[in-house]
Amino acid sequence: MTASEPLLIGASGAAQMWTINLPQVGNAITGSDFIRAFEDAVDAANRDPTVGAVILTGSGKIFSAGGNVKEMADREGMFGLDAIDQRFAYVDGIQRIPRALARLEVPIIAAVNGAAVGAGFDLAMMCDIRVASERASFAESFVQLGLVPGDGGTWFLQRAIGYERAAEMTFTGDRVDAATALDWGLVSRVVPHDELLSAAQDLAARIVRNPARALRMAKRLLQESRTGVLESTLGMAAAMQPLAHHDGEHARRIEKWRSV
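Calculation criteria
Residues numbered from 1 in each chain as written. Predicted model: local features only at pLDDT ≥ 70, side-chain atom pairs only at ≥ 80, totals over all residues. Heavy atoms only, no water. Helix = DSSP H or I, 4+ residues; strand = E, 2+ residues; numbered from the N terminus. Rg over C-alpha atoms; globule rule 2.2 N^0.38 Å. Contact = heavy atoms within 4.5 Å. Salt bridge = Lys/Arg side-chain N within 4 Å of Asp/Glu carboxyl O. Buried < 20%, exposed > 50% of the residue type's maximum accessible area, 1.4 Å probe, protein only. Axes fitted to C-alpha atoms, helices over the stretch in contact; angles between N-to-C directions. Parallel < 35°, antiparallel > 145°, perpendicular 65-115°, else oblique. Left-handed = near helix turned anticlockwise from the far one by under 90°. Nonpolar A, V, L, I, M, F, W, Y, C, P; charged D, E, K, R; others polar. Expected span 1.5 Å × (residues − 1). Pairing = 2+ DSSP bridges. Phe/Tyr/Trp six-rings, centres within 6.5 Å; stacked < 30°, edge-to-face > 60°. Lys NZ or Arg CZ within 6 Å of the ring centre and 35° of its normal. Arc of directions from axis to C-beta. Domains from an automatic or database assignment. Buried area = accessible area lost by both parts, 1.4 Å probe. Polar contact = N/O pair within 3.5 Å; in protein donor to acceptor, adjacent residues only side chain to side chain.

1. Re the overall build of the protein
Helix and strand counts for the protein stand at 12 helices and nine strands. A globule of 260 residues ought to have a C-alpha radius of gyration of about 18 Å, and the protein, at 19 Å, matches this closely. Here the C-alpha coordinates of the protein stretch approximately 65 × 40 × 35 Å along the principal axes. Pairs at least 24 apart in sequence give 69% of the contacts found in the protein among residues at least 6 apart.

2. Points about the pattern of salt bridges
Per the counting criterion, the structure on display carries 10 salt bridges. A salt bridge links Arg216 to Glu105, with the nearest nitrogen and oxygen atoms 2.8 Å apart. Pair noted here: Arg216 is in helix α10 (residues 212-225) and Glu105 is in the loop between α4 (96-103) and β4 (108-112), with a separation of 111 residues, a long-range link. For Arg216, a relative accessible area of 14% gives the class buried. A salt bridge links Asp202 to Arg206, with the nearest nitrogen and oxygen atoms 3.9 Å apart.

3. Side note on the packing of helix α5 (residues 119-126) against helix α6 (residues 153-161)
Axis separation between α5 and α6 bottoms out at 9 Å; the angle between their running directions is 55°. Relative to α6, the element α5 lies oblique. For α5 against α6, the interelement crossing comes out left-handed. Facing Phe121, Asp122, Met125 and Met126 of α5, the residues of α6 in contact are Gly153, Phe156, Leu157 and Ala160. Taken together, the residues of the contact of α5 with α6 sort by class into six nonpolar, one polar and one charged.

4. Comments concerning helix α9 (residues 196-208)
Here α9 contains 13 residues, and its C-alpha end-to-end distance of 18 Å stays within 8% of the 18 Å for a straight helix at 1.5 Å per residue. In the core, the buried residues of α9 are packed alongside β2 (15-20), β3 (53-58), β4, β6 (129-133), β9 (189-191) and α10.

5. Description of the pairing of strand β1 (residues 7-12)
Pairing of β1 with β2 involves six bridges; the strand directions are antiparallel. Note on β2: the bridge partner recorded for Gly10 is Met17. The turn linking β1 back onto β2 is made up of two residues, and Gly13 within it adopts a positive phi angle of 65°.

6. Section: the packing of aromatic side chains
One pass over the structure, following the stated rule, counts four aromatic pairs. Relative to Phe38, the ring of Phe34 lies with its centre 5.7 Å away and its plane at 45°, an arrangement referred to as tilted. Residue Phe34 and its partner Phe38 are located together in helix α1 (residues 32-47), separated by four residues, close to a single helical turn. A relative accessible area of 0% means that Phe38 is categorised as buried. Taken together through their ring pairs, the aromatic side chains of Trp18, Phe34 and Phe38 make up a single cluster. Across from the ring centre of Phe88, 5.5 Å away, lies the NZ or CZ of Arg87, which sits over that ring. The ring of Trp155 is capped by Arg159, whose NZ or CZ atom sits 3.8 Å from the centre of that ring.

7. Comments concerning the sheet that holds β3
Read across the open sheet, the six strands follow the order β1-β2-β3-β4-β6-β9; overall the sheet is mixed. Each of the sheet's edge strands pairs with one partner strand only, and the pair in question is β1 and β9. The average angle at which neighbouring strand axes cross in this sheet is 25°, direction not considered. Pairing geometry for β4 and β6, over four bridges, is parallel. Opposite Val112, over in β6, you have Ala132 as the bridge partner.

8. Some details on unusual backbone geometry
Despite not being glycine, Asn27 shows a phi value in the positive range, around 55°. With respect to the helices and strands, Asn27 occurs in the loop between β2 and α1.

9. A short note on α6
The periodicity of an α-helix, 3.6 residues per turn, causes residues three or four positions apart to be oriented the same way. Restricting attention to buried positions, one finds in α6 the residues Gly153, Phe156, Leu157 and Ile161. Here the buried residues of α6 occupy an arc of 100° about the axis, which is enough to place them on one side. Against α4, α5, α7 (163-172) and α8 (178-184) lie the buried residues of α6. One or two steps after α6, the chain reaches Gly162, where phi turns positive at roughly 90°.

10. Quick notes on the domain arrangement of the protein
Entries for the protein in the domain assignment read domain 1 (7-209) and domain 2 (212-257). The C-alpha centroid of domain 2 is placed 27 Å from the C-alpha centroid of domain 1. Of the roughly 1,000 Å² buried between domain 1 and domain 2, counting both surfaces, carbon and sulfur atoms make up 41%. Linking domain 1 with domain 2 are two salt bridges, by the criterion used here. Here domain 1 and domain 2 share 10 residue pairs in polar contact (both at pLDDT 80 or more) between them. Elements supplying a minimum of two residues to the side of domain 1 that touches domain 2: α1, α4 and α6.

Put into structure tokens, the structure is as follows:
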């Protein structure tokens, strides 16, 4: 791990810390190096049975400013392509991030340390849980630049806070402060800035103390339940539960419970 890497990976017990390490461009999440690093981190966590949770945060004073606005203004990279090629650049670029997170098997907590704007806001919304610093702010700001959320933000946002509030954020592009984010259900808690990482780590520790296989199955079931009908959800639960029942960790936990 070097300071030049776009995504720094650290560990604290069974929880990993992923830090977006592009402060010179506002922790922009575009760019092939970052996207590849993010996919690699997801796949590595999935392969490693000792990883029980992930905390995602940004380096410096902000979480992520989203897309690289300077590249947009200068028509650099994908922003210099014609409309047809640009469409496929989105599919092969930024849209790989929500697809990667959709296959992440362990819970991921966004520790939002500052501004989360545009695609950076959407990245936070793709996480399972969001803990915010009191200095955090959130904006679905695409329309202010004459753009639309190109990374799946419209899908994630309304599932978190409902259609009307998602519409307000999407149609105005206005920023929402941490207190409002808590009131709207954008985040699960707001903490003093200096306590953000410790609060996220404490939450991760409470998660990873649970049996790893059950935890991964519970996350998959929860994700599928967002879009699946009740009958298919019940079927998946019925298929997963015997796997949990026959896991040795379940037997150990039951014996411990009986001895209390």
